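What follows is the residue order along each chain.
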Amino acid sequence: MTEEVITIALETLQLQKQALIFAASRASAEKTAEDIAKLTSFSLPLLEQEILKAASVPTKQCRRLSHCIRKGIAFHHAGLLQKQRELIEEEFRKGTIRIICATPTLAAGLSLPAYRVIIPSLKRFSGSWGMDWIPVLEYLQMAGRAGRPEYEKEGQAITIAKSDAEKDEIYERYICGEPEDIYSKLAVEPVLRTYLLSLISSGIINDEKSMKDFFSQTFWAHQFKDISKLSSTMEKMVHVLEGWKFIIIPNNEEKNDFISASLLERKEKVLKPTLLGKRISELYIDPLTARYLLDCLEQFSEKKTTFSLLQMISHTLEMRPLLRTKAKEGDKIQEELVKRYEALLEKEPSTFDPEYDEFLNSIKTALFFEAWINEFDEDYLMETFDIRPGEIKVKLDTADWLLYAADEIAKIENKKEISKEISKLRLRLQNGTKEELLPLLRLKGIGRVRSRRLFNSGIKDLGDIKKVDITTLSQILGKAIADDVKKQVGEEIKEVPKGTRKGQLSMERF
DNA sequence: GGCAGTTCTATATAGACAGCATGTC
DNA sequence: CTATATAGAACTGCC
């Protein structure tokens with residue numbers, strides 16, 4: 001299949017033009033880029049270096065990318081580091097990079113025009129339906145990248161049909177076809193939950209009437225028209241939030257002031273956030289996640305391990321998509337699970353439960369985090385968990401956010417011991433280190449690599465740093481950093497551990 | 001027997017936004 | 001139920 005694509009790509013180069021190729025998968029994007037790169041005669045050693053520099057330690061993916069880039073071709077997908085993606089986009093705009101083989105990321109996000117857009121296939125794997133045509137909207141999104149209005153009068157979008165019949169179908173479907181209608185996503189439960197709580201928390205909605213008024217003006221209501229169905233959906237959600245103790249519906253009969261009395265006449269339920277609910281909406285996590293975190297934290301005091309917290313945050317909607325357990329891995333992951341069974345804060349679903357797969361994925365994701373804080377390097381993580389540098393970063397960010405949220409929830413629930421554990425874990429995740437390095441990480445300029453070097457040389461805490469002579473320290477860290485570190489322990493006064501926050505919340509009463 | 005080239009088979013399949021408070025190797 | 005590109009295994013044929 002790639003043969004035609006490569007031919008078209010090379011022809012584009014002959015025309016002195018640039019092309020974007022939208023591949024159906026990452027593997028395919030990388031391979032296409034590589035195949036084309038083999039056949040070009042550009043040489044951009046400087047760019048190659050810069051790509052490698054983007055990561056502290058170049059991984060296999062980095063090297064593969066740099067080899068392609070040297071020849072003026074790039075691949076582009078979410079597994080790349082942000083820096084690398086930016087560099088590719090920038091160099092493509094400048095014209096240094098001639099061809100980008102990308103997954104659909106590039107079409108959705110930024111505006112990166114090219115003379116020619118090549119879409120090798122308009123079919124893509126879709127869940128349980130096997131291969132399916134991509135939406136017309138998405139086709140338009142991709143094809144719309146063709147042509148750079150500032151420089152050129154025309155652009156070309158080329159797609160490849162496998163047969164005459166397919167050619168006709170593509171023509172019918174995408175050239176003559178109407179783009180799909182846009183549907184409101186508000187009705188999706190997690191979204192509705194989150195927004196409803198947020199609106200109640202901020203006081204925009206304070207009773208059933210204001211709730212209905214608000215939602216009747218949304219695009220969602222505009223589309224569905226059937227207001228009574230909508231309000232029953234909302235009522236259900238209100239009920240759920242109340243059950244979770246994120247909002248309260250004060251009992252009107254108990255009130256006897258004027259305002260409530262008048263509300264009673266109109267038979268409107270008053271909706272008020274609880275303190276917990278308010279904080280949760282500020283944290284911007286799905287209320288379902290918040291409920292789940294609360295339940296898990298309840299269990300934590302008995303069986304606290306690092307893995308407990310890691311698995312907890314790994315099994316949330318926010319962490320999705322989780323690392324997928326491949327067919328071959330199933331047994332191995334389960335084996336690891338058995339070893340850590342005691343640490344689980346939620347109960348394991350039955351093997352027959354449709355949710356079991358996702359549960360197993362949460363275990364794999366947690367194992368990945370565990371490996372990261374046990375100082376395994378990125379190549380190992382790639383080999384073992386099939387996770388690339390760009391994704392590692394995103395996952396770590398999400399983990400930090402969720403742990404922060406869990407910490408805040410724990411504070412409201414007055415669980416101080418948990419708070420301590422979470423802070424430690426956050427530091428370890430941020431740095432990717434074992435617990436034994438934490439004291440050293442308080443120093444500026446000391447992270448994963450240097451703290452490990454210090455530790456292995458017997459320097460294990462700030463006291464050791466003070467004691468060790470500057471020459472030895474310089475041998476380990478280099479002169480400049482050694483000096484700086486010495487200065488830091490000399491000025492012991494400003495002993496603010498990085499990454500920790502002052503507790504802004506004081507809600508002892510709750 | 002060793003190797004290159006070829007066919008066969010198993011396997012996996014795109015991605016992004018949130019909180020917070022400042023400074024990674 | 002429906003696909004397909006890719007990686008890697010198995011296999012072939014040649015020297």
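Residues numbered from 1 in each chain as written. Chains lettered and ligands numbered in written order. Predicted model: local features only at pLDDT ≥ 70, side-chain atom pairs only at ≥ 80, totals over all residues. Heavy atoms only, no water.

Peer 1: Explanation requested: the protein's contact with DNA strand C in the structure shown.
Peer 2: Taken together, the neighbourhood of DNA strand C is formed by ten residues, with Ser28, Lys31, Phe125, Ser128 and Met131 sitting nearest. Per the 4 Å cut-off to the protein, sugar and phosphate atoms form 56% of the nearby atoms of DNA strand C. Residue classes in the surface near DNA strand C are distributed as four nonpolar, three polar and three charged. (Near = heavy atom within 4 Å. Nonpolar A, V, L, I, M, F, W, Y, C, P; charged D, E, K, R; others polar.)

Peer 1: Would you mind showing me how to read helix H9 (residues 189-201) here?
Peer 2: Every α-helix carries 3.6 residues per turn, so stepping three or four residues along brings you back to the same face. Helix length check: H9 (13 residues) gives 18 Å between terminal C-alpha atoms against 18 Å at 1.5 Å per residue, within 8%. Within H9, burial applies to Leu192, Arg193, Thr194, Leu196, Leu197, Leu199, Ile200 and Ser201. Just downstream of H9, Gly203 is the residue with a positive phi angle, here 85°. (Helix = DSSP H or I, 4+ residues; strand = E, 2+ residues; numbered from the N terminus. Expected span 1.5 Å × (residues − 1). Buried < 20%, exposed > 50% of the residue type's maximum accessible area, 1.4 Å probe, protein only.)

Peer 1: Is there a simple way to explain the confidence of the model for chain A in this structure?
Peer 2: As a note on interpretation, predicted positions should not be read in detail where pLDDT is low. Put simply, chain A has an average pLDDT of 87, and 93% of its residues get 70 or more. Note on residues 492-510: pLDDT under 50 across the span, and 28 contacts to partners over four residues away in sequence or across chains. (pLDDT = per-residue confidence, 0-100. Contact = heavy atoms within 4.5 Å.)

Peer 1: Before we go on, may I ask you to explain the sheet that holds strand S3 (residues 99-102) in this structure?
Peer 2: Hydrogen bonds between backbone atoms are what pair the strands of a sheet, whose relative direction is either parallel or antiparallel. One open sheet accounts for five strands, arranged S2-S3-S1-S4-S7; its pairing is parallel. Either end of the sheet is taken by a strand with one partner, and the two such strands are strand S2 (73-76) and strand S7 (156-159). For this sheet the average axis-to-axis angle between neighbouring strands, irrespective of direction, equals 15°. Inspection of the sheet shows strand S4 (residues 116-119) paired to S7 by four bridges, in the parallel sense. Within the sheet, the bridge partner assigned to Ile118 lies in S7 and is Ile158. Contacts between helix H1 (residues 2-14) and the sheet are confined to strand S1 (19-22), S3, S4 and S7, with S4 contributing the most and set at about 175° to the helix. (Pairing = 2+ DSSP bridges. Axes fitted to C-alpha atoms, helices over the stretch in contact; angles between N-to-C directions.)

Peer 1: Sorry if this is basic, but what is going on with the environment of Ile459 here?
Peer 2: For Ile459, the location among the structural elements is in the loop between helix H23 (448-456) and helix H24 (462-467). Not counting residues within four places of it along the chain, the set of residues in contact with Ile459 comprises Leu440, Leu454, Asp464, Ile465, Val468, Leu473 and Ile476.

Peer 1: Quick question: what am I supposed to make of the packing of H23 against helix H25 (residues 470-477) here?
Peer 2: When two helices pack together, their arrangement is captured by the angle between the axes and the distance separating the axes. Following both chains from N to C, one finds H23 and H25 inclined at 135°, their axes separated by 10 Å at the closest point. With respect to their mutual orientation, H23 and H25 come out oblique. Read as a crossing pair, H23 and H25 show a hand that is right-handed. Note on element contacts: H25 touches H23 through Leu473, Ile476 and Leu477, opposite Arg450, Arg453 and Leu454. (Parallel < 35°, antiparallel > 145°, perpendicular 65-115°, else oblique. Left-handed = near helix turned anticlockwise from the far one by under 90°.)

Peer 1: Before we go on, may I ask you to explain the packing of helix H18 (residues 356-373) against helix H21 (residues 416-431) in this structure?
Peer 2: The N-to-C vectors of H18 and H21 enclose an angle of 80°; their axes lie 8 Å apart at closest approach. The angle between the axes of H18 and H21 places the two elements in the roughly perpendicular class. In this structure, H18 contributes Phe369, Trp372 and Ile373 to the contact, and H21 contributes Leu425, Arg428, Leu429 and Asn431. When grouped by side-chain class, the residues that make up the contact of H18 with H21 number five nonpolar, one polar and one charged.

Peer 1: Help me understand empty space enclosed by the protein in this model?
Peer 2: Over the atoms, a rolling probe the size of a water molecule traces out where space has been left empty. In this structure the tally under the stated criterion is one cavity of 30 Å³ or more. Taken as a whole, the largest cavity encloses approximately 30 Å³ of empty space. Lys212, Phe215, Ser216, Ile227, Leu230, Ser231 and Met234 together form the lining of the largest cavity. Taken together, the elements giving at least two residues each to the lining of the largest cavity come down to helix H10 (208-216) and helix H12 (227-243). Ranked by residues supplied to the lining of the largest cavity, first place goes to H12 with four residues. Classifying every residue of the lining of the largest cavity gives four nonpolar, two polar and one charged. (1 Å grid on protein atoms, 1.4 Å probe; cavity = no way out; pocket = protein on both sides within 12 Å on 5 of 7 lines; lining within 4 Å. Points joined across faces, edges and corners; volume = space filled by probe spheres on them.)

Peer 1: Is there a simple way to explain helix H15 (residues 287-300) in this structure?
Peer 2: Its 14 residues give H15 an end-to-end C-alpha distance of 20 Å, which sits within 8% of 20 Å, the value for a rise of 1.5 Å per residue. Within H15, burial applies to Pro287, Thr289, Ala290, Tyr292, Leu293, Leu294, Cys296, Leu297 and Phe300. Buried positions along H15 lie against H9, H12, helix H14 (275-283), helix H16 (306-314), helix H20 (389-412) and H21. The N-capping residue of H15, defined by a side-chain oxygen 2.9 Å from the backbone nitrogen of Leu288, is Asp286. (Polar contact = N/O pair within 3.5 Å; in protein donor to acceptor, adjacent residues only side chain to side chain.)

Peer 1: Which parts of the structure should I look at to understand the side chain of Arg452?
Peer 2: Note that Arg452 resides in helix H23. Relative accessible area serves as the criterion here: at 16%, Arg452 is assigned to the buried category. Only 2.7 Å separates the side chain of Arg452 from the side chain of Glu375, close enough to count as a polar contact. Residue contacts for Arg452: discarding those within four places in its chain leaves Glu375, Lys434, Glu436, Leu437 and Gly447.

Peer 1: Would you explain unusual backbone geometry in this entry?
Peer 2: In most cases, non-glycine residues show a negative phi, while peptide bonds are predominantly trans. A cis geometry characterises the amide bond from Arg320 onward to Pro321, with omega recorded as -5°. Residue Tyr284 is not a glycine yet carries a positive backbone phi of 65°. Inspection of the secondary structure puts Tyr284 in the loop between H14 and H15. The backbone phi angle of Glu375 is positive, close to 70°, even though this residue is not glycine. Within the element layout of this structure, Glu375 appears in the loop between H18 and helix H19 (378-385).

Peer 1: Would you explain the packing of aromatic side chains in this entry?
Peer 2: For any pair of aromatic rings, the description rests on two quantities: the centre-to-centre distance and the angle between the ring planes. In this structure the tally under the stated criterion is nine aromatic pairs. Ring centres of Tyr139 and Tyr174 lie 5.2 Å apart, and the angle between their planes is 50°; this geometry places the pair in the tilted category. Remark: Tyr174 occurs in helix H8 (residues 164-176) and Tyr139 occurs in helix H7 (residues 136-143); sequence separation between them is 35 residues. A relative accessible area of 10% places Tyr139 in the buried class. The class for Tyr174 is buried, based on a relative accessible area of 2%. Feature note: the residues Trp133, Tyr139 and Tyr174 constitute an aromatic cluster, connected by ring pairs. Sitting above the plane of the Tyr115 ring, Lys17 keeps its charged end 4.7 Å from the centroid. Sitting above the plane of the Trp133 ring, Lys123 keeps its charged end 4.8 Å from the centroid. (Phe/Tyr/Trp six-rings, centres within 6.5 Å; stacked < 30°, edge-to-face > 60°. Lys NZ or Arg CZ within 6 Å of the ring centre and 35° of its normal.)

Peer 1: Could you clarify how one ought to interpret the layout of surface pockets in this entry?
Peer 2: Within this model, the largest pocket holds a volume of roughly 960 Å³. Lining the largest pocket are 28 residues, with Arg26, Pro321, Leu322, Arg324 and Glu391 sitting closest to its centre. Within the residue set of the lining of the largest pocket, elements represented by two or more residues are helix H2 (26-38), strand S5 (123-125), H18 and H20. Ranked by residues supplied to the lining of the largest pocket, first place goes to H20 with four residues.

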